[in-house]
Structures are given as structure tokens and as C-alpha cells.
Amino acid sequence: VQALSDIIVRLPVNDIAIGANWLGLTNVEAQEFSVDHGLAAFWTDSTNSKLESVSYGNSRAYGLDWFGGVAHKGNQWVYDADLSSAAAVAAEMMEVPTMTGSGTGVAADPARTDLFRSGLPDGHRLGLASGITPDNAEAYLPFVTDYLAATGIQSSFTELDPLLMGRLAEVLA
């Protein structure tokens, strides 16, 4: 947490929205750290057991978007038949319900993403945070509004590849 905090305070003040994935923190702790650091968004991997007092509207009161992991690698698996209802519940709790594939860097099944989208109210955002690459991003365009990309556009474990980032931005534009 301290290393990420140190990076955030060194970022230049621009007209860009910055969010953080506060690994290992509860949802409430992640929200508090995000408020303290002036972020626009925060991502939490697990929303099943750590919902605590963070709920839809609560993050918005701080000007934050909560990207909460639902039907994703860190949570209990959600069966296809339950994806729509899981999405409906998530939409009442967070600004951006966020799916992933079955593991880090594993692309989500577009059919599951479509099923999840079908449970969200019209206009509600849907995040995708796993295995997104310039080569597969187009498959998600009909369903996903927000993309959290890393492993699919990195040149090493700690560095993003500018060419892959540019190609992904072109697909998503």
C-alpha cells in the first residue's frame, strides 16, 4: 500500500482520471485510501465477503467510481445461469461491476460477459479486467464500458508496452 501511495503522490496534476487497485485492502479501506489520495476510482478484487459499508452511492458521495470484482477470478465462481441475477445485485451496490476471466491475464468469455450485461440496468457501466489485448478487445465492445488492462498490454511484469497500449486505445476508441 505504501509503495502505491508513494507513486500516486508523485503523479502530475492533469485532467486525467486516476484510479488504483488497492490489493489486500477491504473495500472500505480502499475507498478511504482513494479519497485520501484524490483518486477518481478504485478497484477491489473481492466483493463477496468484504462489502462492509461501501455501497452504491456511498463512493459517489466522494466523487469515486467503485470498480468491484463480480463473477471474476478472485471470487466464488458464478454459474452462467446466475450471471444475470448477480449483475442485477451488483448494480445496486457499485458504480462499475467488473468481470474477469478465470485467472490473471485470461480473457473473459464474451458470451459470459453478454449474460452478465443482460442483468444490468440500461446505461449501467460494466468493467472488464482480465486478458484484454488489442487482438480481442473488439469482441467486448457491445457489452463493456470500462476496460482495466495490464497483462495483455505489458512488455514485462512491471512495464506496459506503449505500442500495445496504443493499439488497444485504437480498438476501444
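Up top you'll find the structure we're talking about.
This text gives an overview of the structure that appears in the document. Not measured: the values here are computed from a predicted model.

1. Observations concerning the environment of Leu 141
- Here Leu 141 lies in the loop between β5 (127-128) and β6 (146-147).
- You can call Leu 141 partly exposed: its relative accessible area is 36%.
- On a C-alpha basis, the gap between Leu 141 and Leu 172 in space is 7.4 Å, while along the polypeptide they are 31 residues apart.
- Not counting chain neighbours up to four residues away, the residues in contact with Leu 141 comprise Tyr 147, Val 171 and Leu 172.

2. Describing the environment of Ile 132
- Examined against the element boundaries, Ile 132 turns out to sit in the loop between β5 and β6.
- Assessed through its relative accessible area of 2%, Ile 132 is described here as buried.
- When the C-alpha positions of Ile 132 and Ile 153 are compared, they lie 7.7 Å apart, and in sequence the two are 21 residues distant.
- The contact partners of Ile 132, leaving out residues within four places of it in the chain, are Ala 137, Tyr 147, Leu 148, Ala 149, Gly 152, Ile 153 and Leu 168.

3. Notes on helix α2 (residues 27-36)
- Taken as a whole, α2 has its buried residues at Asn 27, Val 28, Ala 30, Gln 31 and Ser 34. Around the axis of α2, the buried residues are gathered within 160° of arc, so they sit on the same side.

4. Quick look at helix α4 (residues 83-91)
- Among the residues of α4, those classed as buried are Leu 83, Ala 86, Ala 87, Ala 90 and Ala 91. Angularly, the buried residues of α4 cover 135° about the axis, an arc narrow enough to put them on a single face.
- Where α4 is buried, its residues touch β4 (96-99) and α5 (110-118).

5. Concerning the side chain of Asp 146
- With respect to the element layout, Asp 146 can be found in strand β6.
- Residue Asp 146 is classed as buried on the basis of its relative accessible area of 16%.
- Apart from residues no more than four positions distant in its own chain, Asp 146 is found in contact with Phe 67, Val 96, Arg 125, Leu 126, Gly 127 and Leu 128.

6. Quick word on the sheet that holds β4
- Spatially, β1-β2-β3-β4-β5-β6 is the arrangement adopted by the 6 strands of the open sheet, whose pairing is parallel. Pairing within the sheet leaves two strands with one partner each, and these edge strands are β1 (19-21) and β6.
- Pairing of β5 with β6, which is carried by 2 bridges, proceeds in the parallel orientation. Residue pairing for β6: Gly 127 is matched across the bridge by Asp 146.
- α2 rests against β2 (41-44) and β3 (65-69) of the sheet, and its axis sits at about 155° to β2.

7. Some points on the nonpolar core
- Counting residues in hydrophobic clusters, the biggest one holds 30 residues, and the most contacted among them are Trp 22, Ala 71, Phe 116, Leu 126 and Leu 128.
- No other element matches the 5 residues that α4 contributes to this core.
- The next biggest cluster of nonpolar side chains, apart from the first, holds 5 residues, and it includes Ala 41, Phe 67, Val 96 and Ala 129.

8. Let's talk about the side chain of Arg 117
- Summarising the element assignment, Arg 117 is placed in helix α5.
- Although Arg 117 is buried, it forms no salt bridge, and the closest oppositely charged side chain is Asp 122 at an N-O distance of 6.9 Å.

9. So, the layout of surface pockets
- One number sums up the size of the largest pocket: a volume of about 1,400 Å³.
- Lining the largest pocket are 37 residues, and of these Asn 21, Leu 148, Ala 149, Ala 150 and Leu 160 lie nearest its centre.
- Taken together, the elements giving at least two residues each to the lining of the largest pocket come down to β1, β2, β3, β6, β7 (154-156), β8 (159-160) and α6 (162-172).
- A class-by-class count of the residues in the lining of the largest pocket yields 21 nonpolar, 10 polar and 6 charged.

What counts and what doesn't
- Residues numbered from 1 in each chain as written.
- Predicted model: local features only at pLDDT ≥ 70, side-chain atom pairs only at ≥ 80, totals over all residues.
- Heavy atoms only, no water.
- Helix = DSSP H or I, 4+ residues; strand = E, 2+ residues; numbered from the N terminus.
- Buried < 20%, exposed > 50% of the residue type's maximum accessible area, 1.4 Å probe, protein only.
- Contact = heavy atoms within 4.5 Å.
- Arc of directions from axis to C-beta.
- Pairing = 2+ DSSP bridges.
- Axes fitted to C-alpha atoms, helices over the stretch in contact; angles between N-to-C directions.
- Core = buried A, V, L, I, M, F, W, Y, C linked by side-chain atoms within 4.5 Å.
- Lys, Arg positive; Asp, Glu negative; His and termini not counted.
- Salt bridge = Lys/Arg side-chain N within 4 Å of Asp/Glu carboxyl O.
- 1 Å grid on protein atoms, 1.4 Å probe; cavity = no way out; pocket = protein on both sides within 12 Å on 5 of 7 lines; lining within 4 Å.
- Points joined across faces, edges and corners; volume = space filled by probe spheres on them.
- Nonpolar A, V, L, I, M, F, W, Y, C, P; charged D, E, K, R; others polar.

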